[in-house]
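What the coordinates show
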Amino acid sequence: MTKATHAGVFQLGSRSVTRMGYGAMQLAGPQVFGPPRDHAGALAVLRAAIESGINHIDTSDFYGPHITNQIIREALHPYGDDLTIVTKVGAKRGSDGSWNVANSAAELESAVHDNLRNLGLDVLDVVNLRLMFSTHGPAEGDLEPQLTALAELQAKGLIRHIGLSNVLPEQVVQGRSITDIVCVQNMYNLAHRHDDALIDSLAADGIAYVPFFPLGGFSPLQADALNHAAEQCKATPMQVALAWLLQRSPNILLIPGTSSVTHLQQNIASVDLQLPAELLASLEGIGAVPA
Ligand SMILES: NC(=O)c1ccc[n+]([C@@H]2O[C@H](COP(=O)([O-])OP(=O)(O)OC[C@H]3O[C@@H](n4cnc5c(N)ncnc54)[C@H](OP(=O)(O)O)[C@@H]3O)[C@@H](O)[C@H]2O)c1
């Protein structure tokens, strides 16, 4: 069976993580709200991920809310020493499932404690400050108050490392002037490549880039070139999309989300898929960013 370790590891601050990880957002109910339809199935996916060698899980306490973290705890606690759980703060859910900004110092501290309690941890490995995003992408804004608040929680020993999510390149520059940033988590996939230059600059500095929606998220990737490449290398289109990301840059860490053990295993198998140069070239047109 393919092991997640085949794609190698990356140093996320003091933590060594497999480049093939797992994103837990799909383990909550519809619209990332409420309990999953299949609780036992959610536990099975998490346990299968660990058995396959994955040691990097992406989550947040606002998935559910609380429920995804509680499922991670139920499935995997006590955690192995090498498991790195990355979470994010900066939003909260309304009673109708809406996503709302929650990034005052008090709200960030409360979110860190929610994550610690629901995951059953004394310290969080990595906390991403997540800004709100829309179909237009990240929004401009000063990160100084929020990152100062997170750095204080880090100094208290509640957080090991800090990352950023849904940010513009200039916000990454500002963030790095305030505190050490170990990862940036933005939307990026074959069809959505606005962060190409950012990925390259982070790679040069040894900082991880973690694309969310690597498979297209709520609108799975669809393209003739992708189907053609999949046929050529006897893989599925989703496997080609993941293999392309792994080949795109060594600082890219994958967190594809799934509620299915079958899909999880297909995703992990993509680490053994090497796309030849002519197929990589044939995929270029999918994500061409208009000049
Ligand atoms: N920072 C942020 O603002 C932010 C935003 C969104 C997500 N995230 C993080 O990023 C992670 C990944 O994003 P995502 O889960 O939303 O989107 P994704 O990984 O791009 O795609 C997930 C979708 O693809 C399907 N899928 C997964 N593997 C498949 C396969 N092998 N074949 C066919 N379909 C497959 C899943 O359905 P099944 O369940 O049926 O497999 C699900 O509908 C999340 O889990 C979350 O941790 C972060």
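Structural data are supplied above this passage.
Owing to the predicted nature of the structure, the values given are computational and were not obtained by experimental measurement. (Residues numbered from 1 in each chain as written. Predicted model: local features only at pLDDT ≥ 70, side-chain atom pairs only at ≥ 80, totals over all residues. Heavy atoms only, no water.)

**So, unusual backbone geometry**
We apply this condition: Strands here are runs of E lasting at least two residues and helices are runs of H or I lasting at least four, both read from the DSSP assignment and numbered beginning at the N terminus. We call a residue buried when its accessible area falls under 20% of the maximum for its residue type, exposed when it is over 50%, and partly exposed in between, using a 1.4 Å probe and counting protein chains only.
In this model, G64 is joined to P65 through a cis peptide bond whose omega is -10°. Along the chain, the position of P65 falls in the loop between strand 4 (56-58) and helix 2 (67-76). Going from H77 to P78, the amide bond is cis rather than trans, its omega being 0°. Non-glycine residue H66 carries a positive phi angle of around 70°. Mapped onto the secondary structure, H66 falls in the loop between strand 4 and helix 2. With a relative accessible area of 31%, H66 lands in the partly exposed category. One non-glycine residue with positive phi stands out, namely K234, at about 50°.

**Thoughts on the pattern of salt bridges**
Convention followed: A pairing counts as a salt bridge when a side-chain nitrogen of Lys or Arg comes within 4 Å of a carboxyl oxygen of Asp or Glu.
Evaluation of the coordinates by the stated rule reveals eleven salt bridges. Ionic pairing is found between E107 and K92, a salt bridge with its closest N-O pair at 3.3 Å. Pair noted here: E107 is in helix 3 (residues 105-119) and K92 is in strand 6 (residues 91-93), with a separation of 15 residues, a long-range link. For E107, a relative accessible area of 27% translates into the label partly exposed. Classification of K92 by relative accessible area gives partly exposed; the value is 43%. Among the ionic pairs, D196 bridges to R248, the shortest N-O distance being 3.1 Å. Placement of the pair is D196 in helix 6 (residues 196-204) and R248 in helix 8 (residues 237-248), with a sequence separation of 52 residues. Here the salt bridges share partners, and the residues they tie into one network are R193, D196, D200, R248 and E284.

**Quick notes on the pairing of strand 8 (residues 124-130)**
Selection criterion: Following DSSP output, two strands are said to pair if at least two bridges run between them.
With seven of seven residues buried, strand 8 is to be regarded as a mostly interior element. Two strands pair when backbone bridges link them, and strand 5 (residues 84-89) and strand 8 are joined in this way by four bridges, in the parallel orientation. Looking at strand 8, one finds that V86 is bridged to V126. Bridge count for strand 8 against strand 11 (residues 159-165) is six bridges, and the pairing is parallel. For N128, the partnering residue across the bridge sits in strand 11 and is G163.

**Quick look at the site of the ligand**
Test applied: A single heavy atom is enough: if one lies within 4 Å of a molecule or strand, its residue is considered near that molecule or strand. The definition of a polar contact used here is a pair of N or O atoms within 3.5 Å, where within protein one atom must be able to donate a hydrogen and the other to accept one, and adjacent residues in sequence count solely through side-chain atom pairs. Here the accessible surface of atoms and residues is derived via Shrake-Rupley with a 1.4 Å probe, and residues count as covered only by protein chains that are part of the display. When residues are grouped by polarity, Ala, Val, Leu, Ile, Met, Phe, Trp, Tyr, Cys and Pro land in nonpolar, Asp, Glu, Lys and Arg in charged, and all others, Gly among them, in polar.
As a matter of local geometry, the ligand sits amid 27 residues, with D58, L215, T258, S259 and H263 nearest to it. The separation between an oxygen atom of the ligand and a polar main-chain atom of L215 is 2.7 Å. At a separation of 3.4 Å, a nitrogen atom of the ligand approaches a polar side-chain atom of Q266. Relative to its free-state accessible area of 900 Å², the ligand is covered by the protein chains to the extent of 87%. Here the element with the most residues in the shell around the ligand is helix 9 (residues 261-269); it accounts for three residues. Here the residues of the shell around the ligand are counted per class, giving eleven nonpolar, 13 polar and three charged.

**Some details on the nonpolar core**
For clarity, the cut-off: The nonpolar core is taken to be a set of buried Ala, Val, Leu, Ile, Met, Phe, Trp, Tyr and Cys residues, with the residues joined through side-chain atoms within 4.5 Å. Should any heavy atoms of two residues lie within 4.5 Å, those residues are counted as being in contact.
Y22, L46, I72, V112, L150 and V240 are the most contacted members of the largest nonpolar core, which totals 75 residues. Ranked by residue count, the leading element in this core is helix 8, at seven residues. Leaving out residues up to four positions away in the same chain, V240 has contacts with L226, A229, A230, C233, A235, L273, L275 and L283.

**What to know about the environment of A191**
Its place among the elements puts A191 in the loop between strand 12 (181-185) and helix 6. Distance from A191 to P214, taken between C-alpha atoms, is 9.5 Å for residues 23 residues apart in sequence. Those residues in contact with A191 that sit more than four places away from it in its chain are L221, I286 and G287.

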